[in-house]
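So the chains spell out like this:
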Amino acid sequence: MLTLENVSTTIAGISVLRGISCQLQRGGIVAVVGRNGAGKTTLLRLIMGFREGHTGRVLLDGQDLASVPARLRAKLGIGYAPEDRVMFPSFTVEENLRFPCEVIGMKRAAVDGRLAETLAIVPELKPMLARSGAALSGGQGKMAALGRAVMAGERLVLLDEPFQGLAPVLAQQYSASLQRMHAVRPELCVVITESNRSLLRDIPTETLVLERGELQRSP
Ligand SMILES: Nc1ncnc2c1ncn2[C@@H]1O[C@H](COP(=O)(O)OP(=O)(O)OP(=O)(O)O)[C@@H](O)[C@H]1O
Ligand SMILES: [Mg+2]
């Protein structure tokens with residue numbers, strides 16, 4: 001489903017990702033574990049098309065993403081929850097959730113359907129829908145960012161360090177959402193980055209280790 005072929009990139013002359021090759025399957029949850037600065041965020045941003053200038057290829061079900069601009073990747077069914085969450089403060093939470101689907105031109109009824117499905121997966125968002133995107137705590141913002149990624153990501157969902165800074169109760173709710181997501185969309189491929197591997201102990205995953213820009217399969 002998602003294939004990386006010898007992907008490398010440099011930032012400010014420094015080699016940040018080096019020859020990354022991997023193949024992620026449908027219906028799987030893959031953890032990419034690596035220390036601070038290992039290149040996790042860079043890798044997800046590159047898959048999303050937010051990083052220009054890399055070598056190698058990124059393919060989604062055989063389609064080379066080089067020709068798909070970032071704003072259209074949601075159209076391919078890719079959802080992304082960035083490390084820093086980024087909710088639009090002048091939008092409500094509901095408008096934030098709908099936004100990626102509206103940008104790609106989905107019809108209102110289809111977006112309504114996606115929203116209902118997303119709220120079934122992340123029910124904690126229901127009471128937050130009318131609130132401003134600026135009025136969320138850090139943990140609530142992570143749940144909302146998950147919801148937004150679920151809205152767009154019917155094939156591939158990329159979550160950048162979702163458990164970082166989540167209190168235990170929220171972390172449990174987040175894990176439960178991931179399990180529901182898997183049940184509702186069994187074909188979905190999910191990539192979760194973490195610097196602290198123990199945060200993922202309750203989630204069945206294949207683990208890849210990113211070390212100084214190089215990817216290794218976990219021993
Ligand atoms: N805008 C930038 N300018 C210069 N260097 C950068 C920039 N963004 C990232 N880097 C460097 O690229 C490397 C990888 O950064 P990246 O943010 O991908 O790591 P990470 O694994 O996500 O780290 P963290 O766990 O802290 O989020 C780091 O050495 C970082 O210093
Ligand atoms: Mg990061």
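Structure: see above.
Quantities reported herein were computed from a predicted structural model and do not represent experimental measurements. All residue numbers refer to positions counted from 1 along the written sequence of the respective chain. Labels are handed out in written order, letters beginning with A for the chains and numbers beginning with 1 for the ligands. Selection of residues for local features in this predicted model requires a pLDDT of at least 70, selection of side-chain atom pairs for listing and counting requires 80 or more, and totals for whole chains, interfaces and linings are taken over all residues. With hydrogens and water stripped out, all remaining heavy atoms of the structure feed into the side-chain values.

**Things to note about the overall build of the chain**
Looking only at helices and strands, the chain features six helices and ten strands. Our radius of gyration is a C-alpha quantity, and the globule rule it is checked against amounts to 2.2 Å times the number of residues to the power 0.38. The C-alpha radius of gyration computed for the chain amounts to 16 Å, which stays within 12% of the reference 17 Å derived for 219 residues, consistent with globular compactness. The principal-axis extents of the C-alpha atoms in the chain amount to approximately 45 × 40 × 35 Å. Within the chain, the proportion of its 219 residues that are buried is 49%. It only takes one pair of heavy atoms within 4.5 Å for two residues to be counted as in contact. Across the chain, every contact between residues at least 6 apart in sequence was considered, and the portion connecting residues at least 24 apart equals 73%. Computed with a 1.4 Å probe, the accessible areas rest on the Shrake-Rupley method; for each residue, only the protein chains presented here act as cover. Just so you have it, the chain exposes about 10,100 Å², and 52% of that area is on carbon and sulfur atoms. Every helix listed is a DSSP run of H or I at least four residues long, and every strand listed is a run of E at least two residues long, numbered separately from the N terminus. A 1.4 Å probe rolled over the protein chains alone gives each residue an accessible area, and that area as a share of the maximum for its type sets the label: buried under 20%, exposed over 50%, partly exposed in between.

**A look at the pairing of strand β1 (residues 2-11)**
Strand pairing requires that DSSP identify at least two bridges connecting the strands. Relative to strand β2 (residues 14-24), β1 is paired through seven bridges, and the arrangement is antiparallel. Looking at β2, one finds that Thr 9 is bridged to Leu 17. Relative to strand β4 (residues 54-60), β1 is paired through six bridges, and the arrangement is antiparallel. Pairing of Thr 9 across the sheet is with His 54, part of β4.

**Focus: the layout of surface pockets**
Using a 1 Å grid laid over the protein atoms alone, points where a 1.4 Å probe fits but cannot get out form a cavity; open sets with protein on both sides within 12 Å along at least 5 of 7 lines form a pocket; any residue with an atom within 4 Å of a point counts as lining. Grid points are joined across faces, edges and corners, and a volume is the space filled by probe spheres set on the points. Estimated volume of the largest pocket: approximately 440 Å³. Elements that contribute at least two residues to the lining of the largest pocket include exactly α2 (70-73), β6 (78-81), α3 (93-103) and α5 (138-152). Each residue is assigned to one class: nonpolar for Ala, Val, Leu, Ile, Met, Phe, Trp, Tyr, Cys and Pro, charged for Asp, Glu, Lys and Arg, and polar for all the others, Gly among them. Residues belonging to the lining of the largest pocket are distributed by class as follows: 15 nonpolar, one polar and three charged. Taken as a whole, the second largest pocket spans an internal volume of roughly 200 Å³. The wall of the second largest pocket is formed by Phe 163, Leu 166, Ala 167, Pro 168, Ala 171, Gln 172, Ser 175, Ser 198, Leu 199, Arg 201, Asp 202 and Ile 203. Counted by class, the lining of the second largest pocket contains seven nonpolar, three polar and two charged residues.

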